[in-house]
Amino acid sequence: MEPGEKDQTGLEKGTGSVSTGAEANAGVMPVRAGFGFAVEPLARWMAEHVAGFEGPLEVLQFKGGQSNPTFMLRAKSGDYVLRRKPGGQLAKGAHAIDREARVLSALDKVGFPVARVYGLCLDESVIGSIFFVMEMVEGRIFWDASFSEIPAPERAAYFMEMNRVLAQLHGIDPDAVGLGDYGRSGNYFERQIGRWTKSYLADTDAGRDAIMDRLIEWLPTAIPDGDESTIVHGDFRCDNLIFHPTEPRVLAVLDWELSTLGHPLADFAYHALMYRMPPQIVAGLDGMDPATLSLPTEAEYIAAYCANTGRTGIPNYDFYIAFNFFRMAAIFHGIKGRVARGQASSAHAADRLGAYPRLLELAQEAMDACT
């Protein structure tokens, strides 16, 4: 099974400035209208299925545009986190809460930094949809890829910790942790290029673009030799990590909705897009000098990943970068089509389309570096 593409509400809304992104996404608030559910049935379920739970129970909602609504549960026995499938009509395979609980539980057993799952509920009658309850991990989330909140001499250690954790994930044998059937194995790039090409060509309301057309023609011919398949996160960024309150140590990796079995170099290159990504799209360093910020350069970061995974290098690295910018451009192309049809989920979606040409430029630069 391949994961369904999570909704792109976050990309439609954008991140804005670093301070605005943190303010909009950090912390909790009262449950928003339309997201509430009866607390008593949940409390009864937790009393039966979550070891050590003791009420009474209070429910708050985390801020931000999570594809799967996420809530803080406050109880006498401590704080918990609940993730549930959203209501309404959903795309096939999207918002697979049970799938997310499965990968978290499997990785927790081998010491990978994730929140511990206390229970999965497939009975929709409890709160109106399936859900799982997991550990509340206290720490820091950084919305700014430059880690500007951290003193300059300490920033490199945070980067190297991200690098180490992603390499650790890619080193886990899926079969050994019960995830051998977590996704289709092999031919990852062929399948992904085909998927996003089909999406692009089908959305006639968004029009065509010469760079996208060239990418669609070139990418299938440029796939590097050698096929690998590991557990991949799919959205590994600094703002999907919880760091220790005072140390450069990842306590939990969040948001596993796009995880599957895939090519580890696609996953790493997506993460490393931060070096070329405009910060107004997602956390990125485009236009900044890493050395001035006391951060490792892109070349140093690649070398660290190779050292952490036992590689001698990453030939054709710019292919993986071009592929990931193509994938992101295809997502923005879909946003463009929804705006044209009046179906965009965010009022800011039209403003976000200003990033589409830059994504295409970045994809073209990486493609040209390969040819």
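Residues numbered from 1 in each chain as written. Predicted model: local features only at pLDDT ≥ 70, side-chain atom pairs only at ≥ 80, totals over all residues. Heavy atoms only, no water.

A.B. asks: Outline the overall build of the protein, supporting the account with residue identities and numerical values.
C.D. replies: Helix and strand counts for the protein come out as 12 helices and 10 strands. The 371 residues of the protein split such that 52% are buried. In the protein, the proportion of contacts linking residues at least 24 apart, taken out of those at least 6 apart, comes to 72%. For the protein, the computed accessible surface area is about 15900 Å², with 51% contributed by carbon and sulfur atoms. (Helix = DSSP H or I, 4+ residues; strand = E, 2+ residues; numbered from the N terminus. Buried < 20%, exposed > 50% of the residue type's maximum accessible area, 1.4 Å probe, protein only. Contact = heavy atoms within 4.5 Å. Areas by Shrake-Rupley, 256 points an atom, 1.4 Å probe, with all protein chains shown as cover.)

A.B. asks: Quick rundown of empty space enclosed by the protein? Include the residues and the values.
C.D. replies: Considering all chains together, one arrives at 3 cavities of 30 Å³ or more under this definition. Taken as a whole, the second largest cavity spans an internal volume of roughly 90 Å³. In terms of lining residues, the second largest cavity is bounded by Phe236, Arg237, Cys238, Tyr270, His271, Leu273, Met274, Met277, Val282 and Ala283. Its residues assigned to classes, the lining of the second largest cavity shows 8 nonpolar, 1 polar and 1 charged. (1 Å grid on protein atoms, 1.4 Å probe; cavity = no way out; pocket = protein on both sides within 12 Å on 5 of 7 lines; lining within 4 Å. Points joined across faces, edges and corners; volume = space filled by probe spheres on them. Nonpolar A, V, L, I, M, F, W, Y, C, P; charged D, E, K, R; others polar.)

A.B. asks: Lay out helix H9 (residues 298-309) with the relevant residues and their values.
C.D. replies: Its 12 residues place the ends of H9 17 Å apart at the C-alpha level, agreeing with the 16 Å of an ideal helix rising 1.5 Å per residue. Turning to H9, its buried residues are Glu298, Tyr301, Ile302, Ala304, Tyr305 and Cys306. Residues of H9 that are buried sit in contact with helix H5 (152-170), helix H8 (264-272) and helix H10 (317-341). A positive backbone phi angle near 75 degrees is found at Gly310, which sits one or two residues after H9. (Expected span 1.5 Å × (residues − 1).)

A.B. asks: Give a detailed account of the packing of H5 against H8, specifying residues and quantitative values.
C.D. replies: Interaxial distance between H5 and H8 falls to 11 Å at its minimum, and their mutual angle equals 160 degrees. Put simply, H5 runs roughly antiparallel to H8. The chirality of how H5 crosses H8 is right-handed. Between H5 and H8, the residues in contact are Met162, Asn163, Leu166, Leu169 and His170 and Pro264, Asp267, Phe268 and His271, respectively. (Axes fitted to C-alpha atoms, helices over the stretch in contact; angles between N-to-C directions. Parallel < 35°, antiparallel > 145°, perpendicular 65-115°, else oblique. Left-handed = near helix turned anticlockwise from the far one by under 90°.)

A.B. asks: Which residues make up the packing of aromatic side chains, and what values do they have?
C.D. replies: In total, this model carries 25 aromatic pairs according to the counting rule given. Consider the rings of Phe37 and Phe71, whose centres lie 5.3 Å apart with planes at 85 degrees: the pair is edge-to-face. Pair noted here: Phe37 is in the loop between strand E1 (28-29) and helix H3 (39-49) and Phe71 is in strand E3 (residues 70-75), with a separation of 34 residues, a long-range link. An identical accessibility class is assigned to Phe37 and Phe71; each is buried. Ring plane angle 80 degrees and centroid distance 6.0 Å describe the contact between Phe112 and Trp256, whose orientation is recorded as edge-to-face. With Phe112 in the loop between helix H4 (97-108) and strand E5 (117-121) and Trp256 in the loop between strand E9 (250-253) and strand E10 (260-262), the pair connects residues that are 144 residues apart, well separated along the chain. Assessed through its relative accessible area of 2%, Phe112 is described here as buried. Assessed through its relative accessible area of 1%, Trp256 is described here as buried. Aromatic rings pair up to connect Phe142, Phe147, Tyr158, Phe159, Phe243, Phe268, Tyr275, Tyr301, Tyr305 and Tyr317 into one cluster. (Phe/Tyr/Trp six-rings, centres within 6.5 Å; stacked < 30°, edge-to-face > 60°.)

A.B. asks: Residue-level account of the sheet that holds strand E4 (residues 78-84), with values.
C.D. replies: Ordered by their spatial adjacency, 6 strands build an open sheet running E1-E2-E3-E4-E6-E5, and the pairing between neighbours is antiparallel. Two strands close off the open sheet at either side, each with one partner strand: E1 and E5. Here E5 pairs with strand E6 (residues 131-135) via 4 bridges, running antiparallel. Bridge pairing links Leu120 to Phe132 in E6. Here H3 sits on the sheet and contacts strand E2 (57-62), E3, E4, E5 and E6; the angle it forms with E2, its principal contact strand, is near 105 degrees. (Pairing = 2+ DSSP bridges.)

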